[in-house]
Structure formats: C-alpha cells, structure tokens
2 protein chains.
Amino acid sequence: MSLARTLWDPLHVRVLRLLRDEGALSRAELADRLDIPRPRLLGELDRLVAGGHVAEAGPAESRGGRRSTLVELNPGMRFAGVDLGATSIDVEVTNGRLEPVAHYSETADIRSGPKVTLQRVNELLAKAKVEGAFTHLDGIGIGVPGPVSFRDGVPVSPPIMPGWDRFPVRELLTREHGCPAVVDNDVNIMAVGERNAGVAHSVDNFLFVKIGTGIGCGVFLGGEVYRGTDGCAGDIGHIQVDSHGPVCSCGNIGCLEAVFSGAALAREATAAARSGTSPALAERLATNGVVTAMDVAIAAVEGDVVCVQLIRDGGRRIGTVLAGLVSFVNPSMIVIGGGLAQLGHIMLAEIRSVVYRRSLPLATGNLPLVLSELGPRAGVAGAAVLASEIAFEQA
Amino acid sequence: MSLARTLWDPLHVRVLRLLRDEGALSRAELADRLDIPRPRLLGELDRLVAGGHVAEAGPAESRGGRRSTLVELNPGMRFAGVDLGATSIDVEVTNGRLEPVAHYSETADIRSGPKVTLQRVNELLAKAKVEGAFTHLDGIGIGVPGPVSFRDGVPVSPPIMPGWDRFPVRELLTREHGCPAVVDNDVNIMAVGERNAGVAHSVDNFLFVKIGTGIGCGVFLGGEVYRGTDGCAGDIGHIQVDSHGPVCSCGNIGCLEAVFSGAALAREATAAARSGTSPALAERLATNGVVTAMDVAIAAVEGDVVCVQLIRDGGRRIGTVLAGLVSFVNPSMIVIGGGLAQLGHIMLAEIRSVVYRRSLPLATGNLPLVLSELGPRAGVAGAAVLASEIAFEQA
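Position numbers for residues start from 1 in each chain and track the written sequence from start to end. Naming scheme: in the order in which they are written, chains are lettered from A and ligands are numbered from 1. Two thresholds apply to this predicted model, a pLDDT of at least 70 for residue-level local features and 80 or more for giving and counting side-chain atom pairs, whereas whole-chain, interface and lining totals are computed over all residues. In computing side-chain properties, one takes all heavy atoms of the structure into account and sets aside hydrogens as well as water.

For chain A, an unreviewed UniProt entry supplies the name Sugar kinase and the organism Catellatospora chokoriensis. UniProt positions are given in the numbering used here, feature names are shortened, and annotations may be inferred rather than shown by experiment. Listed under Sequence similarities (unreviewed entry) in UniProt, the entry text for chain A is "Belongs to the ROK (NagC/XylR) family."

Below you can see the structure in the form of structure tokens.
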C-alpha cells in the first residue's frame, strides 16, 4: 500500500521527499534512486530550481565518470509544527530536512478558544521570525486535542475544546502565513513524528497510544495514518473497561479514560494522600496542596507501595484494551507516549504482561511494545512532517 | 487508497475487472472508462484476445460514429470459490462475471485434516466438471476457519484445525487444477463477498462480523481487506468481555467467544432446558435429545422469555466489543453475518442499542449496522472474487 502510494505520487513530490530524508544528492543518485530516465529527472529539477524549492549544492564526489553536481532543498526552506495540548502550546520551526531551528513551549488553556489560542501561535511564530528562524514559511502543520476533519482542516465536535467546532483553523493559518497548512489530531501527529524520526521508523502497521490528561490512539496502517470515515479513528479513551466504573466526562460509565488517565490518576492519588494509605503522597499533598500523576510516578520509583499499585492497576486497564486491539489489528509495534509514559517501566511491564497473555500468540510472537523515543517532541516533529508533505504536494 | 491502487494496477487487470463487473463493453466505452488512449487499449485487447481471456461479442449499438464492436470475458472463463467451515464444505463455480453456475454444500469435519478435506473439495470440483460446469478453471479461492498467511497461501497455527498448520493448501490446489489459487481466512472471504455483491457494495471502510460456532471479524479499510502484520487481524473472538467469565478454548478467561457464540449459546440453552426455566427449550430437548442455537432463535420468535433474554445478553456482549471497535476504526458500516445472524432482529436491536449509546457520537452519526445480505453464500462468493483477482493478475 505504502509502496503503491509512493510510486503513484507525482515525481516532484518524490524528488523533494528524497532530498528531505537523505540530504544533498547528485543528479545521478537521484535518477538511480527514483528509477527514472535522467532527462526526465533533469527537466523536473530545472522546474524545482526555478520555483525556488531546490538549489545547487556544489560538485559531488567523483564516481569515475562525468562529474555530477549535488542538489539539495533550498537552504531557506522552513516548516512549522504546532502541537496544541489541553494545557500547552508547542511550536517548532524546522529546516527543509526537518531539523529543528527554533522551539517554543508554554502553558495555555485550549478552552480559551480558537481566536486567543491561534493568536498566541501566530505571536510565537512572529517571535521566531524576528529571532531569525525563518524569513517565510513553506508549510504549517498543527495538531489539536480532538477529532478533526482532515479533509476540511477543521476540528469536529471536539469534547474538550469549546468554541473550536468547525472553526477554520487551516484557512486562518494559510491566510496569515501565506503557505499551505494542514490540521490533524494531536495523537496522529505524534504517531507521524514517531514514524519519521522515532522508534517506529519505517514501521508500516503500528499503534501510538497517548496516555495523558486523556487517552487516544494514532493508527498507522499500510504506511499511512488511518483516520477512519469521519476522521475520529483511534478514540480509544472511551472504550468501556468497567461496567461498574466511574462516570466519564462523556456521560458513559467506566470508560478507559475515566478509570486511568492523568486526570483519573491525580484523583485517586489525592484520595490515597487524604486517607493516609500512601505516606509519600500525603507528604506531597501537605507540601504542595495538590498531588499529580507525576507525584505518583516519583513516589512509585521511591518504592511507595500504594503508588506502585495505582500504576499497575492502570497498566492492567490499558493492557486489557490494547490486548483486544492487538487481536483486532495485528500490528507490528505498539508505542506508548504522552505525559503518563513517564510512569515508565512499572506501567510498561504491566501492559506487556496483559497484552502478551491475552492476545492471540500469532499476533504477539514478535510484537515490540515500547516507549516513545521523541517524548514531548513527537507532536511538533510529526506536525512538521505533515507540513512538508502538504508543501511538497503544492510545490 | 483504493483509487490509487486501482489506477496503479496494470492495464490488463483493469480491463478484465471492468468486463467482469460490467459485462460486455465496446472498445470505445472501455477506452473512455479507463481514460487511456484508444491505440493503447486496442493493443492490450489484442493481447488479451490472443491469450484467450477476452472474446469478441458482436457489434455495439450505434453511438452515431463508426460502429464499435463489443468485447467480453471469454464465455468459458470459470472460477471456483471454496468455503471451508468448522463443519461444512461449500463449493461454488462461477463464470467470468462471478455468476454461479454450480453449487455444492455438505457437512464435513475440518478436524479430519487437510488431505481428507481437500480430497473432498477436489471430488466436488470433479463432479462439477463432469456435470458440465467447466472444462478448466481459471482461478480458485478458498477460505479456511483459522489464521492464514495470505502471502504464503498456508494456514498458520489454526486453533480448531489440527494437522493444517503450514499445510501447502495453495500449492496443492494450483497443482491439482493447473490454475492460480488463493487462500484466505473464512471471515475475510465473507467480507469480500459482501462488498462485491452484497450490502457493503462499494463501501470502503467496514467491519464484517461473523457470529457462528466462533466469532471473527473481516476488516475492510481503504477499499481493501486489511490482514495485519501476520495475517491474523480481526480475531475479535478472544477479546475479553468478562474477567470473571467462563474459561475459553484458548485458555484465557471470559473471551467474547466463550461468553456468546454458537457453542456458548447451545451450552446455556441446554442448561435452561434442563433446569426447566424455558419450557420451549425443555420440550425441544425432550424431543430431539439436544438443543442448539437455532432452537433458541425459534423459541425466541415464538416468545419464550428465557430465549429472548439469552439473545439479548449475547447481543449486549457483542455490542460492547463492537462499540470499542467503532471508536477505534470509525467505519462506514458494520455487517453482521454467520450462522447466528439468524438470531435476527432481537440480537441486532441489542447490538445497535449498545453501539449507538457507547461509541463516539461523531462515529455513529451515520453508521448502518445491518445483517449480511448474501447469508451462507457470502463465503463462496468472496472466494470467487479473490480467485478472479489472482487469475487477472497472472493473466
């Protein structure tokens, strides 16, 4: 599927992708790698140089025959990746090779609405420009914490984003920055990032499970993000795991997210602190006035039995859902990311134990279940990849 | 994805598919529909006629200009679709347009092993030949009730098929009948059948849920069967639905299949008959010495309260699993098939109720959840489609 798609893409997209992923190449190498006649490549390169997308990069090392010259992406090419979380804005500017040249990260409340939030994104990008990160952008990718119509470039009925429903995010960014833009779900961009530059590099079928304030899943099938019919595939946070569990923000009972997530863990940790069953958490509550999921992680590493158990219980819940998805999808890899990935190996060990015990042996025989490699950078990195793809397509 | 794949396929495959799906067409219509220059089409048709795949079919109706002649698939073209169940063999022979020309169905035990079973398949095909259904076969598709390596054409560790592990099914059929063969999972061929000629016609993303002796799911994504990394995607029968439930044949606790399937329902029905809570089932047990899932269906339609409740409980279990999968996959349609689809609308109503209540509203806003249209023919129909595809590719 991936191969067919790649071969089917227009030649200029294939040239630009190769230069993005491999850096400067000689004309001879490009013609070889793309398996096309040299005259056709040279014509295409002339157009890309004339359009300012590709630049000469000096002579190649001799291969014995006629000296070839190197070409590379225009050194001034810049992409912006934006990752909007429930409580954060991350912006990264990259060069054409997707190497970061500027990064900004700050807290923000997605509930302040699209105008305020996107205004702040524009301010951060303006700051990057003033500081010399770019003169103009070639493409922008942005991820938002809710369902998105990828085709229309708008959020659709996002539960935790009041005021964002069908807000023209793509249109606004395109108009403001004069370049193509692409809008996706926050979990999808993390999956894309991890596949491009992280632990899932070149893996065609994998699940990226984000465990943070909420829980979601990026689904990579056949080398592409699978978005589903309405763009909301991967919404695993609301799979029921306990028919007698707590009421979820969605109105249903015992959703995974209501039972185990950053919010649920903080709630249970607070209860454990108040009841005194966990001395470590009680101490933190007394000191800070509040306990968070991170406190649970720290106390667990220090050996607090209640905290270890809270993480194990959570890992078991996640593992049960993932075991079902493994039987259903038969992926090549599962990557765990998001803020609660910091709960680390206690959680991972429990997830693994449930998945390996519960899923079809054929599906788990060779199934790595690993932590995200890019960590908090996964989102912006993936958004920049999508930015480059849309820029190349429209080049 | 589907479109890209279709356009990428070799021209001869595209021509043959059009003639299979549309019947006789004029050369002019073919050139239009395939959007290629007429000389290129004519060259390709010459090759296909010379190879015996395509035949002249007389003059087309005049469109005003020069009279075009019709072409069609060779009228002698024949495909065989074979559907091996746990306790049945179904064989259908079709013409090039996938219209059935012969059908055989009989009980058999898959546990008698590959040699005995495939010998019987060959005998049924020999019978069809003697009776004039074909002179030679152009392709064979076969579905088996277990995981399959689609690439290798062999079953892989199939739990209910002793002796079949890695047995060279494809190789044996190819050698015996001198034509290309393809081996797939029984649920996948049903999904293919339903998409080609049933209720899921031309739907790109859908789930085909087979509820029979066991439970499985065919996954159609982007217009293609999605098989997963090891070919075992869709194995939903072993998703846990009750951590305190009965032990499953797989060794785990509370699998969907252990809680609700043909086997589980017969077990519960027998208990209800013995305890006398269901007079209708008790009567059937006394008369026949055994009660089956079908008895539950009949008694439910006649109003037996216990039977209605058994079906509702089962529907709720299936619905809970499907609700999670709907949130995960965001499909355009769910099709319910297999023997227990005959439990009909009581079960369907319960499944719908759970899925529509439990899944993300965006994903269920326009999600038909329907019964299979092809019923017991779905498997052989889909196997014949796969047979035609492999025959066209190798033409």
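Now, onward.
To continue, consider the environment of Met161 of chain A. All names here are of chain A. Mapped onto the secondary structure, Met161 falls in the loop between β9 (154–155) and α6 (169–177). Counting along the chain gives 18 residues from Met161 to Cys179, while the straight-line C-alpha distance between them is 25 Å. Filtering out sequence-adjacent residues up to four positions away, Met161 remains in contact with Ile110, Val144, Pro145 and Gly146. Each helix corresponds to a stretch of at least 4 residues labelled H or I by DSSP, and each strand to a stretch of at least 2 residues labelled E; elements are numbered beginning at the N terminus. Note on definitions: a residue-residue contact is assigned when non-hydrogen atoms from the two residues lie within 4.5 Å.

Looking now at the relation of the copies chain B and chain A. Superposing the copies works by least squares over the C-alpha atoms of residues that have pLDDT at least 70 in both of them. With an RMSD of 0.0 Å, the operation that places chain B on chain A is a rotation of 180° combined with a shift of 0.1 Å along the axis. Here the symmetry operator amounts to a two-fold rotation axis. When the interface residues of chain B are mapped onto chain A, 100% of them again lie at the interface, so the same face is used by both copies.

What follows deals with the interface of chain B and chain A. Facing 43 residues of chain B, the contacting portion of chain A comprises 43 residues. Two parts placed together each lose some accessible area under a 1.4 Å probe, and adding up what both lose gives the buried area. Between chain B and chain A, the buried area comes to about 3700 Å², and carbon and sulfur atoms account for 61% of it. Just to be clear on terms, a salt bridge is a Lys or Arg side-chain nitrogen sitting within 4 Å of an Asp or Glu carboxyl oxygen. The interface formed by chain B and chain A includes zero salt bridges. Polar contact criterion, stated in full: a pair of N or O atoms within 3.5 Å, where within protein one must be able to donate a hydrogen and the other to accept it, and residues adjacent in sequence count only if both atoms are side-chain atoms. At the surface where chain B touches chain A, the tally comes to 26 residue pairs in polar contact (both at pLDDT 80 or more). In terms of residue count, the dominant contributor to the side of chain B that touches chain A is helix α12 (residues 305–329) of chain B (six residues). In terms of residue class, the side of chain B that touches chain A is built from 24 nonpolar, 13 polar and six charged. Note on residue classes: Ala, Val, Leu, Ile, Met, Phe, Trp, Tyr, Cys and Pro are nonpolar, Asp, Glu, Lys and Arg are charged, and everything else, Gly too, is polar.

What follows concerns the packing of helix α11 (residues 293–301) of chain A against helix α12 (residues 305–329) of chain A. Residues and elements named next belong to chain A. Look at α11 against α12: their axes get within 8 Å of each other, and the N-to-C directions meet at 120°. As for the relative orientation of α11 and α12, their crossing is left-handed in sense. Of α12, the residues touching α11 (which contributes Val296, Ala297, Ala299 and Ala300) are Cys307, Val308, Leu310 and Ile311. For the contact of α11 with α12, the per-class residue count stands at eight nonpolar, no polar and no charged. To get an axis, fit a line to the C-alpha atoms, keeping to the stretch in contact for a helix; angles then go from 0 to 180 degrees between the N-to-C directions. Each helix crossing is assigned a hand: it is left-handed if the near helix lies turned anticlockwise from the far helix by less than a right angle, otherwise right-handed if that turn is clockwise.

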